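Chain by chain, the residues:
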Amino acid sequence: METEVIKKILDAEGMDRVITRISHEILEKSKGTENLVIVGIERGGAILAERFRKKISLIENVIIPKGSIDITLYRDDIGEVGTQPLMKGTHLEFDISGKKVVLVDDVLFTGRTVRSALDALVDFGRPQWVRLAVLLDRGHRELPIRADYVGKNIPTALEEEVVVHFEEKDAMDEVYVARKK
Amino acid sequence: MLEGKTDVVEELTPNKSNTQWTKKDLLGIKDLSAEEIELVLDTAASLRQVSERSIKKVPTLRGRTVVNFFIEPSTRTRASFELAEKRLSADTLNFSGGSSSLVKGETLKDTAKTVEALQVDLIVIRHPSSGAPHRLSEYVKPGIINAGDGINEHPTQALLDMYTLREKKGRLKGLKVCFIGDILHSRVARSNIWGLTKMGAKVMVAGPKMLIPKEIEKMGVEVSYDVKKAVKDADAINLLRIQLERQNEPFFPSLREYARYYGLNSDVMKNAKEDALIMHPGPTNRGIELSSEVAESSGSVILEQVTNGLAVRMAVLYLLSMYKPENK
């Protein structure tokens, strides 16, 4: 499928600045790192969560426990989507009960992924609270869900696509809006 | 990700195979490609952790109904399927040989049509006649999972055996796997032979001449009538139960004689590799096809096979639920 780039949103430096700012905001609102865990939603969110962990450990000089969740088993559209995503599995190296959880995803769109992720999280225990951090909020919510930390708000049309590339999997950091040709 | 189809494409790992499940049924390993087998095994690996959590359940198949249609006695396969269905939150309905209207003279087709009229999504069937699941899949719309048909195939058993082998040995390609016992009546052996040869493993079968099917070499396997020679160099030894219920006439003089010549005991194991795995689909006849000593030795993975069977059956249920007619 051919796509055409409409607008560049972030380059590598821009992305890093956003991550730095949100890391400070997380620390401020959580009042430090006690019981704080960062959980990324596979796959983009998990990469982003790792960046937040690294950034926070640089700022505060502590190691935040690692966690990622795979929402494949919690989707509400099994058998309806044309493509079958590969399962990555959920990896939480701590007991979620009583933790302050910052849930991380790259793009907030309909809100259905976040809904699935919340269901997946509570199957592992009862967190003290859960907050949501996203790199981009593109609007078009279908559920009453909002993010506590937003990198950038980008107005998009429904047929447009927000493409997020990470160095870890795509060899470079960039975000752009594209349209199918 | 749920955010539209394009994002789903983004989600796929580029370096891993992008195999998609395109089958309505799982009738046999014979119909699967190496890539499809790998997809089932990878999916099972992700699903295994569900059983390791404190809440051993995910909502994936909520609102779907699975019928377990067991016309032939089964304890472990049926229990494994039922638990797999429950862990995925499916509703289950059980029909078994004795209680089914089949004993009242209803044909398989009519029973199946009745089950279909109840709006079920998947049917797991075990049947004493080879090919029964295949016939069923022509009659009805729900996906069919073969849980063992006569002496033809037992695909989920072969998948869990391959899963166990791959996990223990890190690969399937190039492994040498030896099957000992009643090859003739064994759907487990047949499914495994289809699967292992597709995955690039070497298969050796051994047992009394009467219990080795003619021309089995055409399936790409080696044949031996000497157990001590057969186990040499094997990375895994898979024992098959002597199926007395499938033998109308005696195929060997006595169980004692069978145990003496074809049973796996520590004496035979002296000829095997030290790290050879001991596998058995169960139920085991201790003292006949294998000695208690060997069953409990460090190489025995018989109980791990049971644990892995649950994950593999969850994977099959999950993948078949993803099937859409237009995916084809």
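Residues numbered from 1 in each chain as written. Chains lettered and ligands numbered in written order. Predicted model: local features only at pLDDT ≥ 70, side-chain atom pairs only at ≥ 80, totals over all residues.

Draft legend 1. The arrangement of the domain arrangement of chain B in detail. All names here are of chain B. As assigned here, chain B comprises domain 1 (18–154 + 308–327) and domain 2 (155–244 + 251–302). Taking only C-alpha atoms, the centre of domain 1 and the centre of domain 2 are 26 Å apart. Each partner contributes residues to the interface: domain 1 has 24 residues there, and domain 2 has 20 residues. Those elements that place two or more of their residues in the side of domain 1 that touches domain 2 are α2 (34–47), β4 (143–149) and α12 (302–321). Here the side of domain 1 that touches domain 2 is composed, by residue class, of 11 nonpolar, eight polar and five charged. (Domains from an automatic or database assignment. Contact = placed C-beta atoms within 7 Å. Helix = DSSP H or I, 4+ residues; strand = E, 2+ residues; numbered from the N terminus. Nonpolar A, V, L, I, M, F, W, Y, C, P; charged D, E, K, R; others polar.)

Draft legend 2. Expanded view of the nonpolar core. Residues and elements named next belong to chain B. Counting 141 residues, the largest nonpolar core has Ile180, Ile237 and Leu317 as the members making the most contacts within it. Per-element accounting of this core gives the leading share, 10 residues, to α12. Looking at this core, you find at least three residues from each of domain 1 (18–154 + 308–327) and domain 2 (155–244 + 251–302). Those residues in contact with Ile237 that lie beyond four places of it in its chain are Cys178, Ile180, Val231, Leu264, Ala272, Ala276, Ile278 and Met279. (Core = buried A, V, L, I, M, F, W, Y, C linked by C-beta atoms within 7 Å. Buried ≥ 20, exposed ≤ 12 C-beta atoms within 10 Å, placed from the backbone.)

Draft legend 3. A look at unusual backbone geometry. The peptide bond linking Glu42 of chain A to Arg43 of chain A adopts the cis configuration, its omega dihedral lying at 5 degrees. Checked against the element boundaries, Arg43 of chain A lands in the loop between β2 (36–41) and α2 (44–60). Going from Gly282 of chain B to Pro283 of chain B, the amide bond is cis rather than trans, its omega being -10 degrees. You can see Pro283 of chain B is positioned in the loop between β9 (277–279) and α11 (292–295). Phi is positive for Lys31 of chain A, close to 55 degrees, though the residue is something other than glycine. Structurally, Lys31 of chain A is set in the loop between α1 (12–30) and β2. Within the chain, Asn61 of chain A stands out as a residue other than glycine whose phi angle is a positive 60 degrees.

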